[in-house]
Amino acid sequence: MPILKASNQTVTLPNSNDSFSESFTFIQAADCQLGMEWSCEGSWGYGQGHGAEVGYDKATWEHEKRWCRSFVKMANKLKPKFAIMCGDLLDAWPQKWPETREKQKKDFYEIFNTLEIPLLCVCGNHDVGNHPTVETVTKYRSDFGDDWYTFVCDGLFGIVINSQYIADGSNVPEITAEHELWLEEQLEIAKSGKYLHSVIFQHIPWFLKDPDEEKMYFNTEIEIRQKMMRKFADSGISKVFCGHYHRNAGGWFENCEFVVTSALGLQLGSDKNGFRVVTVTKEEINHEYVEIDRID
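Source: prediction; values computed, not measured. (Residues numbered from 1 in each chain as written. Predicted model: local features only at pLDDT ≥ 70, side-chain atom pairs only at ≥ 80, totals over all residues. Heavy atoms only, no water.)

**Student:** Would you take a moment to explain the nonpolar core for this structure?
**Tutor:** Buried together is how nonpolar side chains tend to be arranged in soluble globular proteins. Judged by nonpolar contacts, the single largest core of 68 residues is most densely connected at F71, F108, F112 and F232. Excluding residues that lie within four positions of it along the chain, F112 makes contacts with M1, I3, C32, C68, F71, V72, M85, L119 and L264. Judged by nonpolar contacts, the second largest core, of 24 residues, contains F26, I84, V199 and V278. (Core = buried A, V, L, I, M, F, W, Y, C linked by side-chain atoms within 4.5 Å. Buried < 20%, exposed > 50% of the residue type's maximum accessible area, 1.4 Å probe, protein only. Contact = heavy atoms within 4.5 Å.)

What follows is the structure in structure tokens.
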């Protein structure tokens, strides 16, 4: 099934309705990040650690391709309603290594187009750069569709945001302001109770373990974090699914759970490659991290 690309800030899932009828599952994954194994030293003996400054044009990503194929095989057996990849689809920085990125994109599409379920994409920092520009945002949208959008799946209202504008939208102030206004509008829809469950998908976590933890590379500035966590809780958002950390983490802010899912690709901690199977019932949303069957 072709990868679904959002347009006009929305995407329609096949065989889905606005209202809940019966329990279902979906898959949340993150950071397949084809090419990271070349530049970084990861866990479990994987990762070559060459760096991404010199020689990246010779990068290879054979392990990551095999891990992604293993994911596809498992997802096709599980047959969830959909899968969503929460950012860092590719590793090559879009401005620095555009030719290498095109090769990674080709492999991404070849592998994930063999899924028998819909795949939704979320924008990560490696997908538009740590300091996104009009050019990198335009290129991402051309390759993968809108970088923020909503969808509905049997009573589940999904809000997909681009966390990079929150991390640093200084080079694209108009786009950042548009994104902020749009998100406020979606939170109002969530608050209205129109849908049974409302959840958010993004790349960079708001926090890793503690809502009050200090700012670090893998989380969000404290001031905006506190502001947005309050808005999410007040709007009835029950889950916020993230990636970026390449380890499993997360915690709660009042009635809202923040779920940080480790990488489908290269690991930076003690977890193994995997993804999250999320079960949606009428009463609640539960989730379990599942390790992939590595094909090494």
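**Student:** Just to check I follow, could you spell out the side chain of T100 for this structure?
**Tutor:** Turning to its location among the elements, T100 is positioned in helix α3 (residues 98–112). The contact partners of T100, leaving out residues within four places of it in the chain, are Y56, D57, W61 and A92. (Helix = DSSP H or I, 4+ residues; strand = E, 2+ residues; numbered from the N terminus.)

**Student:** It is not clear to me how the pattern of salt bridges should be interpreted in this structure. Could you clarify?
**Tutor:** Pairing between side chains becomes possible if they bear opposite charge and their charged atoms approach one another. Here the structure, examined in full by the defined rule, presents 16 salt bridges. A salt bridge links R101 to D127, with the shortest nitrogen-to-oxygen separation between them at 3.1 Å. In this pair, R101 is assigned in helix α3 and D127 in helix α4 (residues 125–128), connecting sequence segments 26 residues apart. Connected through salt bridges with shared partners, the residues E102, K105, K139 and D143 form a single ionic network. (Salt bridge = Lys/Arg side-chain N within 4 Å of Asp/Glu carboxyl O.)

**Student:** I tried to follow the pairing of strand β10 (residues 274–280) on my own but got confused; where do I start?
**Tutor:** The two faces of the sheet receive side chains in turn, since in a regular strand these alternate between them. Buried residues dominate β10, accounting for 6 of its 7 residues. As judged from the 5 bridges shared by strand β1 (residues 24–29) and β10, these two strands associate in the antiparallel manner. Each residue of the ladder has a partner; that of I27, found in β10, is V277. Relative to strand β11 (residues 285–291), β10 runs antiparallel, the two sharing 7 bridges. (Pairing = 2+ DSSP bridges.)

**Student:** Any chance you could explain the sheet that holds strand β7 (residues 239–242) here in plain terms?
**Tutor:** Within a beta sheet, neighbouring strands are joined by backbone hydrogen bonds and run either parallel or antiparallel to one another. A sheet is described by the order of its strands in space; here 6 strands give the open sequence β4-β5-β6-β7-β9-β8, paired in mixed fashion. Each edge of the open sheet is held by one strand with a lone partner, namely β4 (149–153) and β8 (249–253). For this sheet, the mean inter-axis angle between neighbouring strands, taken without regard to orientation, is 15°. As paired strands, strand β5 (residues 156–160) and strand β6 (residues 197–201) are joined by 5 bridges and run parallel to one another. Paired with I159 across the bridge in β6 is I200. (Axes fitted to C-alpha atoms, helices over the stretch in contact; angles between N-to-C directions.)

**Student:** Help me out: how do you make sense of the packing of helix α7 (residues 173–192) against helix α8 (residues 222–234) in this one?
**Tutor:** Axes are the key here: two packed helices are described by the angle between their axes and the distance separating the axes. Two elements in contact, α7 and α8, have axes separated by 9 Å at closest approach and are oriented at 30°. When the axes of α7 and α8 are compared, the pair comes out roughly parallel. Contacts from E180, L183, E184, L187 and K191 of α7 reach α8 at K227, M228, K231, F232 and D234. Across the contact of α7 with α8, the residue classes break down as 4 nonpolar, no polar and 6 charged. (Parallel < 35°, antiparallel > 145°, perpendicular 65-115°, else oblique. Nonpolar A, V, L, I, M, F, W, Y, C, P; charged D, E, K, R; others polar.)

**Student:** Teacher, can you tell me more about the packing of α3 against helix α5 (residues 134–144) here?
**Tutor:** At a minimum axis distance of 12 Å, the contact between α3 and α5 shows a crossing angle of 25°. Between α3 and α5, the angle falls in the class roughly parallel. α5 is crossed by α3, and the crossing has right-handed handedness. Mapping the contact onto sequence places R101, E102, K105, F108 and Y109 in α3 and K139, D143 and F144 in α5. (Left-handed = near helix turned anticlockwise from the far one by under 90°.)

**Student:** Just checking my understanding: could you explain the sheet that holds β10 for this structure?
**Tutor:** Spatially, 5 strands are ordered β3-β2-β1-β10-β11 in an open sheet, and the strand pairing comes out mixed. With one partner strand each, in any of the chains shown, β3 (119–122) and β11 form the two edges of the open sheet. For this sheet, the mean angle separating the axes of adjacent strands, direction not counted, is 25°.

Geometric values such as these leave the question of function open.
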